[in-house]
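So the chains spell out like this:
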Amino acid sequence: MKVILLNDSFPPVIDGVANVVTNYASILTRTGRASVMVGTPAYPGTDYSVYPYPVVAYQSFNTPDITAGYRAGNPFQIKSVSKMAKFEPDIIHVHCPAASAVLGRLLRKETNAPIVFTYHTKYDVDIARAVKSEILRKEAIKVMIDNVSACDEVWTVSQGAGDNLRALGYEGDIRVVSNGVDFEKGRADDALVEEAVKGYDLPEDVPMFLFVGRIINYKGLPLILDAMRQLSEDGIDYRMVFIGSGVNKEELEQKTREYGISLSVLQEDGTVTDETGSKKAGRVIFTGPVYDRNILRAWNTRADLFLFPSTYDTNGIVVREAAACGLASVLIEGSCAAEGITDGRNGFIMQENADSLAALLRELAPKRDVMRQVGQKAMDEIYISWEESVLAAADRYQVILEKRHAEQRTGTERSELSSDRFIGTTVDVMDALYDAFHLPKALHTGIQDNLNGSFQYMKDNLGGMQENVADMSDFLKERFDEMQKRGKEIGAGFREIGEGFHSAGHEVKAGFKEGWKKIKGDKD
């Protein structure tokens, strides 16, 4: 079986979905369950040859004003689409509903391979954060749902993620396929823990709480600080450790100072700066990102509770990573991350407010043995390895492939969406352009070869090339004639996709004008 994995992020970008794709690729390759190719937007200066599977890094643009740290891919790059199509995939697995989804649909048109799509996160939240215009936000969500609806099978990482997708307008079937973690089950050894936390003020007799992830407000981090403020005012000592980087890190550091809580921050030179606050109890620590997975295991082992008050995350892989180390999590009631959690047994449930979290931590702070017992239950009951998750996905790939073959035999394949026809026409245009772009190269190569032979040999080949040029001209004419006949479909596709944008009027026009200037300035 051949599988193409498509995502808009991949190392050197480190985020939850990039981690999913690297684990799928590595495990499918290592176990021999599939030959893998990865398609992702290119990041300048990155050596993709280090991976044990081919990575097609296609043209991308810097978008610092929209998604800091990420690049937007161009799924219509002819060379990259052709290279992926030549891989002849049996399954196309898309992990992002933006450029990757468009690229997946282009590849399906070329290869007839079914598309599996996994909905990992609440993309409507990301869209709302990146796009200020409400009209543009609605149009972006509409396009996203169209991309998802065009896929042959849709997976979500939790039931809550499926509910979110349906709330945005998706009406098709959903299958829940959980992600795993790459932490082995078990606590890190004492020596590693000691090495990981060296240099930080972490008394053994003081409870330590942990958060790992992007330092961004919609993860519920202000709520954590508000709860820490209450504990400090009550004289309850603790250590609250934030591991990660993000746009709100400095803001949260400043809020810690304003609350009068003692603060420790790891500096770029590797030293830890300690500040003493007006409150006598408690300390908040910002370590920055930790990329070494063993060191991260050590931090999870050292902690007493993992705090994750996020309603944004659809799966909460970090919760299962904590469970792998025997660390129980505190989660918001009804959140996706709280699926499978029984309060007081394999985790703790809170309401979405600082008072609820503070009350729970007041109760648990002197009961570290209880936190440890619940953490052990978390390890036993909610842990799932990446190996188990990916191999289950590979089994499902086989079912999907067999279903596609049966549909082809009986002529019961899925009906095309209007946007599928638009994508198909785009493929035809790309193929014609690809042929046209490569015609001069073919002629040049043929001439060079002929110069190495005799005059007669060159004469014969030039005659052959003239015939090939005539054939190619006829071929291109046929392709463009066909596209001309499909003009009404193209126009309908453009009208459907652009309907929302036209209704936006001057607001949309101004937004595009400003966005184009930024993209043009950042374009590599």
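Predicted model, so just to flag it, every value in this text is computed and none were measured.

A. Focus on the pairing of strand 6 (residues 91-94). Judged by which residues are buried, strand 6 turns out to be covered on both faces: Ile-91 and His-93 on one side and Ile-92 and Val-94 on the other are all buried. In the sheet, strand 1 (residues 2-6) pairs with strand 6 via four bridges, with the strands oriented parallel. Bridge pairing links Val-3 to Ile-91 in strand 6. Relative to strand 7 (residues 115-119), strand 6 runs parallel, the two sharing three bridges. In the strand pairing of strand 7, Ile-92 is matched with Ile-115. Read from strand 6 through helix 3 (residues 99-111) to strand 7, the crossover connection turns out right-handed.

B. Summary view of unusual backbone geometry. Here the amide bond leading from Pro-11 into Pro-12 is cis, since omega sits at 20°, within 30 degrees of zero. By secondary structure assignment, the location of Pro-12 is in the loop between strand 1 and helix 1 (16-31). Backbone geometry at Glu-88 places phi at a positive 55°, although glycine is not the residue there. Assignment of secondary structure puts Glu-88 in the loop between helix 2 (78-86) and strand 6.

C. Broad picture of the sheet that holds strand 6. Strand order in the open sheet formed by seven strands is 3-2-1-6-7-8-9, with parallel pairing between adjacent strands. If you trace the sheet from one side to the other, it starts and ends with strand 3 (55-58) and strand 9 (175-176), each paired once. When strand 1 meets strand 2 (residues 35-41), the two strands line up parallel, connected through five bridges. Bridge pairing links Lys-2 to Ser-35 in strand 2. This element, helix 1, spans strand 1, strand 2, strand 6 and strand 8 (153-156) of the sheet and lies at about 160° to strand 2. Docked against the sheet, helix 14 (residues 386-410) engages strand 1, strand 6, strand 7, strand 8 and strand 9, running at close to 160° with respect to strand 8.

What counts and what doesn't
- Residues numbered from 1 in each chain as written.
- Predicted model: local features only at pLDDT ≥ 70, side-chain atom pairs only at ≥ 80, totals over all residues.
- Heavy atoms only, no water.
- Buried < 20%, exposed > 50% of the residue type's maximum accessible area, 1.4 Å probe, protein only.
- Helix = DSSP H or I, 4+ residues; strand = E, 2+ residues; numbered from the N terminus.
- Pairing = 2+ DSSP bridges.
- Right-handed = clockwise from strand over helix to strand, strands pointing away.
- Contact = heavy atoms within 4.5 Å.
- Axes fitted to C-alpha atoms, helices over the stretch in contact; angles between N-to-C directions.

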